[in-house]
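The lines below spell out each chain.
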Amino acid sequence: MSVVECPACGSKKLKKLTLTEHAQLTLGDEFSFVRENYVCETCEEQGDFGLANDEIFKAAERNAETMSVEKIIEYLADQKISMARFERAFEIPQRTLNRWKSGDFSSTSLALLRTVATCPWLVNVAEHRFERAFVASEIFQQTVRILEHQTKQNSAGVPGVGFYLWDSVGSKGAVMVANSAQSSVQLVASSNQVFPVAG
Amino acid sequence: MSFYVLTDFIRSCGVGTAEAFVLGGAVFDAKRDFNLKTMDEILAFVGNGGLENPVFVNTRPWDKNPNPAQPIMVDAYHFSAGDIYGYIAFMMGVSKKWNIKSFKEERSGDPRNLALADSLRGLVIPEKKERS
């Protein structure tokens, strides 16, 4: 068994502590783990001199991720995105999500699940085979939803973004007005074009 | 002028804990500021070119050196990591391993002009992240 020494000054006069730490999983729950910490009694630097904490952390994180994957897949089902629909849209083998639920998933798989959980409309984009025109339309529709929500929150007149839809002969469009102490921006967008208007 | 050759440090980080180490405070800050959660991740990030546009800050003697007669120098750099403006400080320890002493977001003196991005973001997101 190798002797632990301080990587900074080389001293073997070390004090070892164990500490319980908590970490927040991205788009998941908090989890805890017990880590080692060495303090060098010669130079007072401290750290994981025994190189044990990475494995400890990864094991705790993996457990938390496994639970998170299951919750995300359930959440997507609530959003009317079934496992079969997800697999077909993203062109991945059927029953892949079942495998992920059982713990057989990679960090890339988890990244994809988190991305879609955050932006479920990406499944629509995938179903349209990532066609640029559809992507632009989908982004615009999502922007409208976000800004409408923002408008409701800002209805008390707090500086922010106001979003209004107009519908006149021949075209539909939207006006976004941002009011702040520093500037005012007007952006006029139509269903086909987006262009800035000075003001 | 830097004391060490930056590319030597970066190459060693790419090798991993056999040639480099991250001290406790830097591990904590890297997790908080860059979401790099383990020493392996931090070293791999640095070794894989994660320090974008590094700018040398200064070189100073290690203040905790128990043997001041043999000074150990610490080089410090600013760098970019996407949206984040960072600070890293490292030295060659007695163990002949690189020691990363600091690895954190630099919250003062960001020279990049992100005023427009911040302003536009602030129009939609009510509570924007403050840049000091």
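Scroll up to find the structure this text is about.
None of the values given here were measured: they were computed from a predicted structure.

### Observations regarding the environment of Ala23 of chain A
Residue and element names in this part refer to chain A. Residue placement: Ala23 occurs in strand S1 (residues 14-24). Accessibility expressed as a relative area gives 11% for Ala23, which makes it buried. Excluding its chain neighbours within four sequence positions, the residues that come into contact with Ala23 are Asp29, Glu30, Phe31, Phe33 and Phe57.

### So, the side chain of Thr38 of chain B
Considering the arrangement of structural elements, one finds Thr38 of chain B in the loop between helix H2 (24-34) and helix H3 (39-47). In contact with Thr38 of chain B, not counting residues within four places along its chain, are Asp54, Phe57 and Lys58 of chain A.

### What about the sheet that holds S1 of chain A?
Residues and elements named next belong to chain A. On the basis of which strands lie adjacent, the open sheet formed by three strands has the order S1-S2-S3 and antiparallel pairing. In this open sheet, the two edge strands, each paired with only one partner strand, are S1 and strand S3 (46-47). Inspection of the sheet shows S1 paired to strand S2 (residues 30-40) by 11 bridges, in the antiparallel sense. In the strand pairing of S2, Thr20 is matched with Val34. Sheet strands touched by helix H1 (residues 53-78): S1 and S2. Its angle to S2, the strand with the most contacts, is close to 175 degrees.

### With respect to the interface of chain A and chain B
Facing the 28 residues of chain A at the interface are 25 residues of chain B. For the chain A and chain B pair, buried surface summed over both sides reaches about 2,100 Å², with 59% attributable to carbon and sulfur atoms. When residues of chain A are sorted by the area they lose upon contact with chain B, Pro7, Glu45 and Asp54 of chain A head the list and together hold 24% of the total. The tally of links from chain A across to chain B stands at four salt bridges. Residues Lys37 of chain B and Glu61 of chain A are paired through a salt bridge, measuring 2.9 Å at the closest nitrogen-oxygen approach. The set of elements that each furnish at least two residues to the side of chain A that touches chain B consists of S3, H1 and helix H6 (132-153) of chain A. Per element, the largest residue contribution to the side of chain A that touches chain B is four residues, and it comes from H1 of chain A.

### Quick look at the nonpolar core
Buried together is how nonpolar side chains tend to be arranged in soluble globular proteins. Formed by 43 residues in total, the largest nonpolar core has its most connected members in Phe9, Ile88, Phe90, Ile100 and Phe103 of chain B. Elements represented by at least two residues in this core include exactly S2 of chain A together with helix H1 (6-15), strand S1 (20-22), H2, H3, strand S3 (73-81), strand S4 (84-92) and strand S5 (98-105) of chain B. Residues within four places of Phe90 of chain B in sequence aside, it is in contact with Tyr4, Leu6, Phe9, Met73, Val74, Asp75, Tyr77, Trp98, Asn99, Ile100 and Lys101 of chain B. The next biggest cluster of nonpolar side chains, apart from the first, holds 17 residues, and it includes Val69, Ile81, Phe86 and Trp100 of chain A.

Cut-offs and rules
- Residue indices follow the written sequence of each chain, beginning from 1 at its first position.
- All chains are assigned letters beginning with A, and all ligands numbers beginning with 1, in the order in which they are written.
- Totals for whole chains, interfaces and linings use every residue, but because this is a predicted model, local features are given only for residues with pLDDT of at least 70 and side-chain atom pairs only at 80 or more, for both listing and counting.
- The basis for every side-chain value is the complete set of non-hydrogen atoms in the structure, without hydrogens or water.
- Helix and strand definitions here come from DSSP, where helices need a minimum of 4 consecutive H or I residues and strands a minimum of 2 consecutive E residues; each element is numbered from the N-terminal end.
- Each residue is assigned to one of three classes by its accessible area relative to the maximum for its type, calculated with a 1.4 Å probe on protein chains only: buried under 20%, partly exposed between the two thresholds, exposed over 50%.
- Only heavy atoms enter the contact rule, under which two residues are in contact if any of them lie within 4.5 Å.
- One bridge is not enough; two strands pair if DSSP finds at least two bridges between them.
- Only C-alpha atoms enter the line fits that serve as axes; for helices the fit covers just the stretch in contact. Angles between N-to-C directions range over 0 to 180 degrees.
- Simply put, the buried area is the total loss of 1.4 Å probe accessible area from both parts when two parts are fitted together.
- Each salt bridge in this description consists of a side-chain nitrogen of Lys or Arg and a carboxyl oxygen of Asp or Glu lying within 4 Å of one another.
- Definition used in this section: a nonpolar core is a set of buried Ala, Val, Leu, Ile, Met, Phe, Trp, Tyr and Cys residues joined via side-chain atoms within 4.5 Å.

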